[in-house]
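Take a look at the letters that make up each chain.
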Protein chains: 2
Amino acid sequence: MTSTEPMGMELGPRVRVDLQAVADAASVHRSTASRALNPATRHLVAAEAVARIEEAARALGYRRDDLAASLRTGRTNLIGVMVPDIINPIFAPILQGVETALARQGYSALVANAGNDPARQLGVAEQLIGRRVDGLILATSAEDDPIVAMCVQQDIPAVLVNRAERAARLPSVVSDDFEGMRLAVEHLFSLGHRRIGHVAGPAHLSTGVRRRAGFEAAMRTLGLEVDAIVTAGAYQRGAGAMAAAELLDSFAVTAIAASNDLLALGAYRAMAGLGLSCPQDVSIVGHNDMPLVDMVAPPLTTIRIDPLALGEKAAALLLDWLGSPPGMEPRAVQLVTKPTLVVRGSTAPPFSPPAPRSWPG
Amino acid sequence: MTSTEPMGMELGPRVRVDLQAVADAASVHRSTASRALNPATRHLVAAEAVARIEEAARALGYRRDDLAASLRTGRTNLIGVMVPDIINPIFAPILQGVETALARQGYSALVANAGNDPARQLGVAEQLIGRRVDGLILATSAEDDPIVAMCVQQDIPAVLVNRAERAARLPSVVSDDFEGMRLAVEHLFSLGHRRIGHVAGPAHLSTGVRRRAGFEAAMRTLGLEVDAIVTAGAYQRGAGAMAAAELLDSFAVTAIAASNDLLALGAYRAMAGLGLSCPQDVSIVGHNDMPLVDMVAPPLTTIRIDPLALGEKAAALLLDWLGSPPGMEPRAVQLVTKPTLVVRGSTAPPFSPPAPRSWPG
DNA sequence: ACTCTTATCACAATCGATTGCAAAAGCATC
DNA sequence: GATGCTTTTGCAATCGATTGTGATAAGAGT
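### A word on the sheet that holds strand β3 (residues 135-138) of chain A
All names here are of chain A.
Line of reasoning, step 1. If you walk across this open sheet you meet the six strands as β2-β1-β3-β4-β5-β11, and the pairing is parallel. With one partner strand each, in any of the chains shown, β2 (108-113) and β11 (334-337) form the two edges of the open sheet. Neighbour to neighbour, the strand axes of the sheet diverge by 20° on average, direction disregarded.
Line of reasoning, step 2. Two strands pair when backbone bridges link them, and strand β4 (residues 158-161) and strand β5 (residues 172-175) are joined in this way by two bridges, in the parallel orientation. Along β5, the bridge assignment pairs Leu160 with Ser172.

Okay, here's the thing in structure tokens:
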């Protein structure tokens, strides 16, 4: 191609081999080559020609330009996936599930780490749409989310995962957060705990809201007083530590149900700071069963939500939508999976003298 | 000229608004609109026209089709990122670093979870290239990797991260694995350990090979016998547990330096199985300082490698490459970052008497 | 007044594939 | 050998942007 080659050492295909080149080599028209190379249209081409074309393609090292194909067909086979924080271990298995489900149908995930700021999130979503993703999977959704509004308004297929909205404007796949907290509370109750506190997640996220509601309902059903609740500012260890410290300081609880494993780990830290030990002084239940929480000290009792399945189902739902004829899209589907209790070392019966409410300096 | 819809609040963009529509609305040619909307060519258009075109674009809700632009320009602003296992917590911060560095320059990451099977990995790489990514970042590379061969042969810009090849066919960004093991071994030595074992990583991965080499060199330098080495089949907890069990069974070591945090956690499990406790009976050092290893029991002493910086540097290197004039590409750059030792609770002097439980305070 | 710039913009080709339509070829039947 | 049918293939439009080239007009300099 260029004359910048120092010598006539022509190695590798200097010219881009496109469909035209393959067609030429096989002495057919571009369109015939296109049909022969596409499994869906291959039957329209004579078997003998298909063989010739495939041979030519292999010989030339042809690789289809999905970009050009997408421009023509209007479909990119790309799904935009938005997560708030890729380092939060809960999202890795969700991504894993999404990816495998998408891959089965020839789709790929365009993963965007969008952060927690709604404005930035919106910008990231716009970018994804500009890249003409065929749909979105949102693990970022707030209880009332501007991205969801945009998707609905502009008719962009999207599915929520892990977090849902208050209103069901889009399909969603979430764990039964309400039920999860019931499991946690009843487990603690059955161990003998009566004064149980809750470190709640952010009030603008469905997980925060519903788990708190589940906690309150379960407590009331058991006839327990529900007052020991402190809300953490974010699903992070630091926020959990602060909230737990406040909780332990203000209420004489013997157990804590946290809205999330990271918050539970934060509670561990808070307890260490107060000289309390788990589960001797206070039992703790997390939520999500994140990777590695079985290895912490003590191993965390938690609510398992199978995030892999969550991701897979969300992807499947979105692919259903994309494959549905107009008017038949599954816009109202709200999938809810059942969580299970995983008992480990962070919960135990309360000791006879309840944990003291304050410590002398 | 199309009849302009006089009613201003015509809801729902029934027709796709493309550049032509904007151009029509602003009474200019497509090409002018294109130039006006592109910051790099905006100066070629009269300021007054730019204003008119931008106004029209906003009014119509125009959003550029990056796909079409990419087809024409030959650049997608997409970087393919391959990881072997997205659930392995070491990759999350690497991805984070890659993403932020890419985002700064308007690029996005197309993350592919490629697994550990070389054949599948190759297929995934082909897919990414078929989507016309501008370059690849490989966190999957083996010591002699077929994907690297393909990239070199087909002249596809690619950078290795975390794992490098034996031969330096492509730029890479890795932690100094050799040095990391030296830190680990010297730390154990300074505590008084003399019989130190190594749970090695897979021999086909650079991290496995170089950390093992670092271990052996450090041991020799200290005049210690280097025979207690068992290789794990994969960087997974189960494999680490098996390897550690064999190691503890065959050698009277008082300390283990593991090639990786997951292997170290596997060693915890093996020790529990053998009724040994850490660090009283055996000290353990991990490698990587994965998220959460500060919370396990006991908190893991490990080698920190700052994976975020690794990711950022890899992305920066690739972007440099993409921005370089032909012939000036940084093909030979091998960046090596210095790891640091993080001392926690899993290491102590050998044969220490059972320490009284004294919590930090 | 004339030429020479310079700024601005329109024209049309181009990227590489897909696909509706119609032509051509093969084949059997009457 | 004309007709009708099916199978196979070629033609050309199309997706939505970018960009090299040249036309036009305005302004500057002599």
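Having seen the structure, we can now continue with the description.
### Notes on the nonpolar core
Line of reasoning, step 1. Core analysis: the biggest nonpolar cluster contains 117 residues, and Ile137(A), Val199(A), Ile284(A), Ile137(B), Val199(B) and Ile284(B) have the highest contact counts within it.
Line of reasoning, step 2. Residue contacts for Val199(B): discarding those within four places in its chain leaves Val230(B), Ala232(B), Ala243(B), Ala244(B), Leu247(B), Ile256(B), Ala257(B), Ala258(B), Ser259(B) and Leu263(B).
Line of reasoning, step 3. In this structure, Leu128(A), Ala114(B), Ile129(B) and Ile156(B) belong to the second largest nonpolar core, which totals 42 residues.

### Description of the environment of Glu179(B)
Line of reasoning, step 1. You can see Glu179(B) is positioned in helix α8 (residues 177-191).
Line of reasoning, step 2. Each C-alpha atom, one on Glu179(B) and one on Ala213(B), is 9.8 Å from the other, the two residues being 34 residues apart in sequence.

### Examining the interface of chain A and chain B
Line of reasoning, step 1. On the side of chain B, 46 residues touch chain A, which itself brings 47 residues to the contact.
Line of reasoning, step 2. For the pairing of chain A and chain B, the buried interface totals around 4400 Å² over both sides, and the portion due to carbon and sulfur atoms is 56%.
Line of reasoning, step 3. Per-residue buried area on chain A facing chain B is highest for Arg63(A), Leu67(A) and Arg131(A); these three make up 18% of the total on that side.
Line of reasoning, step 4. A salt bridge links Asp65(B) to Arg132(A); the nearest nitrogen and oxygen atoms lie 3.3 Å apart.
Line of reasoning, step 5. At the boundary of chain A and chain B, one finds 22 residue pairs in polar contact (both at pLDDT 80 or more).
Line of reasoning, step 6. With six residues, the top contributor of residues to the side of chain A that touches chain B is β2(A).
Line of reasoning, step 7. Residue composition of the side of chain A that touches chain B, by class: 25 nonpolar, ten polar and twelve charged.

### Quick word on the sheet that holds strand β6 (residues 196-200) of chain A
Residue and element names in this part refer to chain A.
Line of reasoning, step 1. Spatial strand order, β7-β6-β8-β9: four strands in an open sheet with parallel pairing. Since the sheet does not close on itself, it has two edges, and those belong to β7 (229-231) and β9 (283-285), each with one partner. Adjacent strand axes in the sheet meet at a mean angle of 20° when their direction is disregarded.
Line of reasoning, step 2. Sheet strands touched by helix α11 (residues 261-274): β6, β8 (255-258) and β9. Its angle to β9, the strand with the most contacts, is close to 160°.

### Considering the relation of the copies chain A and chain B
Line of reasoning, step 1. Note on the identical chains: chain A maps onto chain B by a rotation of 180° and an axial translation of 0.1 Å, with an RMSD of 0.2 Å. Both chain copies can therefore be described as sitting about a two-fold axis. Every residue of chain A has its C-alpha some distance from the rotation axis, and the shortest such distance is that of Val296(A), at 1.8 Å.
Line of reasoning, step 2. Interface overlap between copies is the fraction of interface residues in one copy that are interface residues in the other; for chain A against chain B it reaches 98%, indicating a shared surface.

Criteria and cut-off values
Residues numbered from 1 in each chain as written. Chains lettered and ligands numbered in written order. Predicted model: local features only at pLDDT ≥ 70, side-chain atom pairs only at ≥ 80, totals over all residues. Heavy atoms only, no water. Pairing = 2+ DSSP bridges. Helix = DSSP H or I, 4+ residues; strand = E, 2+ residues; numbered from the N terminus. Axes fitted to C-alpha atoms, helices over the stretch in contact; angles between N-to-C directions. Core = buried A, V, L, I, M, F, W, Y, C linked by side-chain atoms within 4.5 Å. Buried < 20%, exposed > 50% of the residue type's maximum accessible area, 1.4 Å probe, protein only. Contact = heavy atoms within 4.5 Å. Buried area = accessible area lost by both parts, 1.4 Å probe. Salt bridge = Lys/Arg side-chain N within 4 Å of Asp/Glu carboxyl O. Polar contact = N/O pair within 3.5 Å; in protein donor to acceptor, adjacent residues only side chain to side chain. Nonpolar A, V, L, I, M, F, W, Y, C, P; charged D, E, K, R; others polar. Least-squares fit on C-alpha atoms with pLDDT ≥ 70 in both.

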